[in-house]
Amino acid sequence: DTQKQVKAFESLVMRILSDYDMYYVLTRCETKTMVLSETAQFFFFNILLDLLIRDFFLESAKILENRITFGKKNLSIQHFLNMNCWTEKQTARLKEYFQQLSIFYDCIKCARDKIISHNDLSTYNEETLVNLGGFEEGLDAKFVESLEEFYNYLHEITFGEIWGRFNPSMEVGGIHDL
């Protein structure tokens, strides 16, 4: 049962990591290469970026939220923290990861609640809309790094080996230099 749940959680982690990889390419590499900006309609580029950010925020928030919502169990990090199959040392380490990941969650929760999951009318009437979901530069990268470390550890204590992940390198070069 634990192994099935950890494998199911893997797809959630992969979605977040994939969103971040594409977001990284569009926001950090694109400014150097201009490949998409020069080949895609500007509005398409902005729509894609907006969708990635919304999905990244929503999926990141969902895995960090309550283990039970309206009486239904959620596949979340808190679910794994509350399982009775870990040693005290393992539970303590999982909690450390959760605390690291919660820093990012605390920054994006308001945006998730008011404009990503719901269209809160009062929020759209306020000038603070622009600041919702804001966070320190680099905190998103720290979140992704901690999420990957968390999942590697969870995989290791469940299956006896780390999960590992291929990190695509999308720096300037490649097709743009052709």
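Residues numbered from 1 in each chain as written. Predicted model: local features only at pLDDT ≥ 70, side-chain atom pairs only at ≥ 80, totals over all residues. Heavy atoms only, no water.

1. What to know about the layout of surface pockets
Take a probe with the size of a water molecule and roll it over the atoms, and the empty space left behind shows itself.
So, step 1. Size it by volume and the largest pocket reaches roughly 300 Å³.
So, step 2. Along the walls of the largest pocket sit 13 residues, with Lys62, Glu65, Thr69, Asn74 and Arg112 positioned nearest its centre.
So, step 3. For the lining of the largest pocket, the elements supplying multiple residues, two or more each, are α3 (42–64) and α5 (88–116).
So, step 4. Taken together, the residues that form the lining of the largest pocket break down as five nonpolar, three polar and five charged. (1 Å grid on protein atoms, 1.4 Å probe; cavity = no way out; pocket = protein on both sides within 12 Å on 5 of 7 lines; lining within 4 Å. Points joined across faces, edges and corners; volume = space filled by probe spheres on them. Helix = DSSP H or I, 4+ residues; strand = E, 2+ residues; numbered from the N terminus. Nonpolar A, V, L, I, M, F, W, Y, C, P; charged D, E, K, R; others polar.)

2. Here we look at the side chain of Asp19
So, step 1. Topologically, Asp19 is positioned in helix α1 (residues 2–33).
So, step 2. The side chain of Asp19 is buried and forms no salt bridge, while Arg15, the nearest opposite charge, is found at 4.6 Å.
So, step 3. Not counting chain neighbours up to four residues away, the residues in contact with Asp19 comprise Leu52, Asp55 and Phe56. (Buried < 20%, exposed > 50% of the residue type's maximum accessible area, 1.4 Å probe, protein only. Lys, Arg positive; Asp, Glu negative; His and termini not counted. Salt bridge = Lys/Arg side-chain N within 4 Å of Asp/Glu carboxyl O. Contact = heavy atoms within 4.5 Å.)

3. What about the confidence of the model for the protein?
So, step 1. The predicted model of the protein averages 82 in pLDDT, with 79% of residues at 70 or higher.
So, step 2. For the stretch residues 169–178, pLDDT sits under 50, and the model shows nine contacts to residues farther than four places along the chain or on other chains. (pLDDT = per-residue confidence, 0-100.)

4. Some remarks on the nonpolar core
So, step 1. Ranked by size, the top nonpolar core spans 41 residues in total, and within it Phe9, Ile77, Phe143 and Leu154 carry the most contacts.
So, step 2. When contributions to this core are tallied by element, the ones reaching two or more residues are α1, α3, α4 (77–81), α5 and α7 (139–159).
So, step 3. Per-element accounting of this core gives the leading share, 10 residues, to α5.
So, step 4. Excluding its chain neighbours within four sequence positions, the residues that come into contact with Ile77 are Phe9, Ile63, Leu64, Phe98, Leu101 and Phe150. (Core = buried A, V, L, I, M, F, W, Y, C linked by side-chain atoms within 4.5 Å.)

5. Structural notes on the packing of aromatic side chains
So, step 1. Evaluated as defined, the whole model comprises 15 aromatic pairs.
So, step 2. Centre to centre, the rings of Phe9 and Phe80 are 5.1 Å apart; their planes meet at 70 degrees, and the pair counts as edge-to-face. Separated by 71 residues along the polypeptide, Phe9 in helix α1 and Phe80 in helix α4 bring together distant segments of the chain.
So, step 3. We classify Phe80 as buried; its relative accessible area is 0%.
So, step 4. Residues Tyr20 and Tyr24 carry aromatic rings whose centres are separated by 6.4 Å and whose planes lie at 40 degrees to one another, so their mutual orientation is tilted. Taken together, the residues Tyr20 and Tyr24, both in helix α1 and four residues apart, mark about one turn of the helix.
So, step 5. We classify Tyr20 as buried; its relative accessible area is 7%.
So, step 6. An aromatic cluster is defined as three or more aromatic residues linked by ring pairs; in this entry it consists of Phe9, Phe80, Tyr97, Phe150, Tyr151, Tyr153 and Trp163.
So, step 7. A cation sits over an aromatic face here: Lys7 above Phe159, 5.9 Å from the ring centre. (Phe/Tyr/Trp six-rings, centres within 6.5 Å; stacked < 30°, edge-to-face > 60°. Lys NZ or Arg CZ within 6 Å of the ring centre and 35° of its normal.)

6. Some points on the packing of α5 against α7
So, step 1. The interhelical angle for the contact between α5 and α7, taken along N-to-C directions, is 155 degrees, at an axis separation of 9 Å. In terms of axis orientation, α5 runs roughly antiparallel to α7. Taken as a pair, α5 and α7 cross one another with a handedness that is left-handed. Only Leu139, Asp140, Phe143, Ser146, Leu147, Glu149, Phe150, Tyr153, Leu154 and Ile157 of α7 make contact with α5, whose side of the interface consists of Lys89, Gln90, Arg93, Leu94, Tyr97, Gln100, Leu101, Ile103, Phe104 and Cys107.
So, step 2. Partitioned by chemical class, the residues of the contact of α5 with α7 number 13 nonpolar, three polar and four charged. (Axes fitted to C-alpha atoms, helices over the stretch in contact; angles between N-to-C directions. Parallel < 35°, antiparallel > 145°, perpendicular 65-115°, else oblique. Left-handed = near helix turned anticlockwise from the far one by under 90°.)

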